[in-house]
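# Residue-level structure breakdown
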Amino acid sequence: MQKHLLTMRVNGEQVELAVRPNATLLDVLREDLELTGVKEGCSEGACGACAVLMNNEPIRSCLTLALEANGAEILTIEGLATGGRLHPLQEAFVEQGAVQCGFCTPGMILSSKALLDRNPQPNDEDIKTALAGSFCRCTGYAKILEAVRAARDGDVGNEGS
Amino acid sequence: MPDDDYKLIGKSVPRIDARAKVTGEALFTADLKFPRMLVAKVLRSPHAHARILNVDTSRAEKLRGVHAVVTGKDTAGEKWGVFRYTRDQQLLCVDKARYLGDEVAAVAAVDEETAEEALKLIFVDYEPLPAVFDFWSAVAPDAPRIHDEYPRNINVEVKIEVGLVDEAFRNCRLVREDTFLAEEDSYFMSEPYAVVANCHADGSVEIWMPNASPHTKAKALSNALRLPLSQVNVRKITIGGAFGGRSDVFPAEFICSLLSIKTQRPVKLVYTREENTIATRMGHAMLTTHKTGVDKNGKVLARESICWLDGGAYSSTGPIATSVPFLCHEQAYNVPNVRFYGYRIYTNKPVRGMIRIHGRSFACGVDTQLDMIGEELGIDPVTMRLVNARRPGETTPTGSHVASCGLVECIEQTAEQSNFLAKFKKSVPNRGIGMGVNSVQTGFPLGIRGGSQAFIKFHEDGGATVISGVVDNGQGNDNMLVQIAAEELGLPMSEIRLISADTESTPTDAGSYSMISTFGGGNAVKRAAEDARAQLFEVASEMLEADPEDLVARDRKIFVRGAPDAGVPLPKVVRQALLLGRPIMGRGAFNPDVDQRREWIGNPSGQLSQAFSFGATVAEVEVDPETGQVKALDVTCAQDCGFALNPLIVEGQFEGSVAMGGQGGMLAEEHRWHNGHCLNPTMLEYKIPTIKEMPRIKPIIVETIDPGGPYGAKEAGMSVAMSSAQAYCCAVGHALGIYFNHYPLTPERIRDAIERKQESKGIKTAWDIEPARIIPPEPKS
Ligand code: FES
Ligand code: FES
């Protein structure tokens, strides 16, 4: 199969690579760019584990062709912390106990980031709507909701201990 | 010691593994990559039951990019089974396929596309055989046999009888018999199953896969591959949830290892979501008939329970799975006279294991029936449960002493905080409230693998490394071990490293099934830390010229109690110990005090588990009778977890339990079938709860300080998962004035029950379901 050139910015870095036209963005991020923080939970758009931000919007990378990302700005979980400092959402997930097995965590955090960027003061319903497409089998979502609230309120950095 | 004396234990400290998980750094099995790594794919039987006449792999082998093809011929002929007497599964089918999806062959190729292409070039001659898809047809005298040695497809039969059951029934004021049915459910842990195997020139194999016990996996693989145990090294890896579904051994790890040995290259096998559902484990369908007799106060005097479990094609944890629903309830409620008949029945369906709410029909049946009896006698649900609740110091019918038990507190606190009685009595149309009660074990008699051991070594700067066989499936076991070691050694958690769940370097552990990790592994690490601390105190006592008995380790210092300022820094003690040739090496082991003579089928009597957790959950729901939709409003859940080592984590376990046990487990989760074909193996059709549906959850931690648990801890969350299912069930029933007996309570079932209700009168279950009966033994031929 003929490969096509794909140019995009991933986590702030310009990348250029040849991809098959049927390759998903998920495959390219995980396999070619080795960004394994992008998780594959279902491969059919149901679980949200593969969510990344494309031009600041959450998308399911398993349902997105890599070539659709041409010219786009992609953010994966690996690009969220800056200079070793966690993003407030990451801090909040750690502090509020919103992480158990952690498989859903990258998708949850990125979807939450898109929400807070768009709407810095979401109410509970807004948060639930933004995360309705992301499955978590471990937490029952209670602490995830608390983490997003904490990040919204700037209530982070209290890790203590 | 009162809680205040602890620096870390009992505190909501963030988990040590959370940072790697929020940055994407944590590696799960499918994330691993090695030079020259091949990709594996499995060919599965398209028939639910078929004889395999021939497998022709020649064309597949010739395909460019294919490095190996394996079939049943490549196995050493070892069958897998959790028990010696349940070894019934070839890890690659040899003569027969017994469910649609059974592993027939596998390939290793340079990439996924080539591997898939190669599967199409494997030609299998099948002779399709008649199949059975439910327990009724499977036990029919003329049913096809799935395993030749098992007449009527009865895989496991457990019989328990304690007390004078028939006599007690005769003395009862009221006796009811009702039947409850639950369909199959699934784990849907968020990480699909995956295995990486890497064979080395010295003949050893390294294997990574999500697991609930690396040592169990390694032992099974060593048998199947005929390799010494020391050559089979199961490595630690981040695991995306288990919920009981990673406890067993699967063909995947065997196949992947075999392919790696054959090719002498690393091989990766990643399951699709569908394969994860049908080819690892799913929950049993289960039919339960409870006959329960009570006195005039609602005290249960006798119960006979007959259960049929649809086990699918192979035994898996069969004897345990058959017994546990009964055992949980002999713990939760004090019933002096009991009789239990449990049958696990083979069908031509995927293999079933234990799931977080294993035994839905049994558990929901118990509490639904208590509510029915309560209505007949005019006794409210809270009283019905309190009258029968287990108390500390009692002994269960099969002989387990219950050292600690806070069930009464759980019932009282959930009732009070939810204002149960007022809401129960005041009838608001389509609103309901219900309570569930349950109890689980912390550990089983597991023979030589029932205990846990740990080591602790020190670094020159005073930091330490804990070495333990405990595995973390996502529940926070790693953190638990480090939190305990840090408490005992007076170190910050950040200065303790953990090596765990690696069979080459870490000692034996019971595995994270049976809710033993905290009780077993936690105790072992605590003892190793105490041992290390005693060695430190020996050295420090010389340095401080004090009695070791008077010393305290805290904040990286060792000092005489009450004089922290005059202490010696811990690194100095560690270095002094090295200098003296007495390096600090902590050792600890813990074997739970259980009766090792107890056996699931042969001798179901004796101490089952050293400790038991107890839980009560209250659910409040609103039902739309037009659509059958249920909205859960509030859930109040309490569990006696002994002692909450980390309340934040314990609460998280409770909340997750409500989601899986109640919200999903009782309202939505079931598999649908057509001739052995699972119609909803993926997340698109199988409905697991989202954040949108979740109710407000109020977790209540009840502490009883178990005398055997580390700091008094038992386990966190399982009793809530189970009791949530029962609470939701009773709440929906209360909302509609219906006693539900077929689960889960999907909108269709609720609509159907509402329609039937208009025709029937009296205190009855919604559906007349053919009861589970005692299956007479087959005359020996
Ligand atoms: S993997 Fe993309 S939504 Fe599940
Ligand atoms: S933390 Fe395990 S799926 Fe969300």
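As the structure is a prediction and not an experimental result, all values here were calculated from the model. (Residues numbered from 1 in each chain as written. Chains lettered and ligands numbered in written order. Predicted model: local features only at pLDDT ≥ 70, side-chain atom pairs only at ≥ 80, totals over all residues. Heavy atoms only, no water.)

Turning our attention to the nonpolar core. Generally speaking, nonpolar side chains in soluble globular proteins are found buried as a group. Counting 110 residues, the largest nonpolar core has Phe93 of chain A together with Trp308, Val732, Leu736, Phe740, Tyr743 and Ile750 of chain B as the members making the most contacts within it. For this core, the element with the most residues is helix H18 (residues 718-736) of chain B, which contributes 10 residues. Among all residues touching Phe93 of chain A, those that are not within four sequence positions of it are Ala98, Val99, Thr105, Met108, Ile109, Ser112, Ile144, Ala147 and Val148 of chain A together with Val22 of chain B. Among the nonpolar cores identified, the runner-up in size contains 57 residues, and Val300, Leu327, Ala332 and Leu386 of chain B belong to it. (Core = buried A, V, L, I, M, F, W, Y, C linked by side-chain atoms within 4.5 Å. Buried < 20%, exposed > 50% of the residue type's maximum accessible area, 1.4 Å probe, protein only. Helix = DSSP H or I, 4+ residues; strand = E, 2+ residues; numbered from the N terminus. Contact = heavy atoms within 4.5 Å.)

Let us look at the domain arrangement of chain A. Residue and element names in this part refer to chain A. Looking at chain A, the domain boundaries give domain 1 (4-79) and domain 2 (88-153). Centre-to-centre separation of domain 1 and domain 2, based on C-alpha positions: 21 Å. With 18 residues of domain 1 in contact, the opposing surface of domain 2 contributes 13 residues. In this assembly, domain 1 packs against domain 2 so that about 1,200 Å² is buried in total across both faces, 66% of it on carbon and sulfur atoms. Broken down residue by residue, the surface that domain 1 buries against domain 2 is led by Lys39, Leu53 and Ile77, which jointly contribute 35%. Connecting domain 1 to domain 2 are two residue pairs in polar contact (both at pLDDT 80 or more). Among the secondary structure elements, those contributing two or more residues to the side of domain 1 that touches domain 2 are strand E3 (51-54) and strand E4 (57-60). Residues of the side of domain 1 that touches domain 2, tallied by class, amount to nine nonpolar, five polar and four charged. (Domains from an automatic or database assignment. Buried area = accessible area lost by both parts, 1.4 Å probe. Polar contact = N/O pair within 3.5 Å; in protein donor to acceptor, adjacent residues only side chain to side chain. Nonpolar A, V, L, I, M, F, W, Y, C, P; charged D, E, K, R; others polar.)

In this section: the packing of helix H3 (residues 105-118) of chain A against helix H5 (residues 142-152) of chain A. Residue and element names in this part refer to chain A. At a minimum axis separation of 11 Å, H3 and H5 run at an interaxial angle of 40°. Judged by the angle between their axes, H3 and H5 are oblique. Remark: the crossing between H3 and H5 carries right-handed chirality. Facing Met108, Ser112 and Leu116 of H3, the residues of H5 in contact are Ile144, Val148, Ala151 and Arg152. Taken together, the residues of the contact of H3 with H5 sort by class into five nonpolar, one polar and one charged. (Axes fitted to C-alpha atoms, helices over the stretch in contact; angles between N-to-C directions. Parallel < 35°, antiparallel > 145°, perpendicular 65-115°, else oblique. Left-handed = near helix turned anticlockwise from the far one by under 90°.)

Looking along the chain, the bond that leaves Tyr743 of chain B and enters Pro744 of chain B is cis, with omega of 0°. Secondary-structure assignment places Pro744 of chain B in the loop between strand E33 (742-743) and helix H19 (747-757). Of note, the phi angle at Glu34 of chain A is positive, near 55°, even though the residue is not glycine. Within the fold, Glu34 of chain A resides in the loop between helix H1 (25-32) and E3. Even without glycine at this site, Arg556 of chain B takes up a positive phi of about 60°.

This next bit is on the interface of chain A and chain B. Taken together, the contact pairs 47 residues of chain A with 51 residues of chain B. Carbon and sulfur atoms make up 58% of the area that chain A and chain B hide from each other, which totals about 4,000 Å². When the area that chain A buries against chain B is broken down by residue, the three leading residues are Gln100, Phe135 and Arg137 of chain A, summing to 20%. Linking Glu669 of chain B and Arg137 of chain A is a salt bridge whose minimum nitrogen-to-oxygen distance equals 2.7 Å. Connecting chain A to chain B are 23 residue pairs in polar contact (both at pLDDT 80 or more). Contributing elements (two or more residues each) for the side of chain A that touches chain B: H1, helix H2 (88-95), H3, helix H4 (124-131) and H5 of chain A. Looking at the side of chain A that touches chain B element by element, the count peaks at five residues for H2 of chain A. Of the residues contributing to the side of chain A that touches chain B, the split by class is 19 nonpolar, 13 polar and 15 charged. (Salt bridge = Lys/Arg side-chain N within 4 Å of Asp/Glu carboxyl O.)

Residue and element names in this part refer to chain B. With the rule as written, the count across this model stands at 55 salt bridges over all chains. With a closest N to O distance of 3.6 Å, Glu112 and Lys41 form a salt bridge. Remark: Lys41 occurs in strand E1 (residues 38-44) and Glu112 occurs in helix H3 (residues 112-120); sequence separation between them is 71 residues. By relative accessible area, Glu112 is classed as partly exposed at 45%. Relative accessible area serves as the criterion here: at 10%, Lys41 is assigned to the buried category. We note a salt bridge from Arg431 to Glu622, for which the minimum N-O separation is 3.1 Å. Separated by 191 residues along the polypeptide, Arg431 in strand E20 (residues 431-441) and Glu622 in strand E28 (residues 612-624) bring together distant segments of the chain. Each of Glu161, Asp166, Glu304 and Arg339 takes part in salt bridges that share partners, so that together they form one network.

With that settled, consider the sheet that holds strand E26 (residues 568-569) of chain B. All names here are of chain B. Here we have three strands laid out as an open sheet, ordered E24-E25-E26, and antiparallel in their pairing. Edge strands, defined here as strands with exactly one partner in the open sheet, are strand E24 (551-554) and E26. Examined bridge by bridge, E24 and strand E25 (residues 557-560) share four bridges and lie antiparallel to one another. In the strand pairing of E25, Ala553 is matched with Ile558. (Pairing = 2+ DSSP bridges.)

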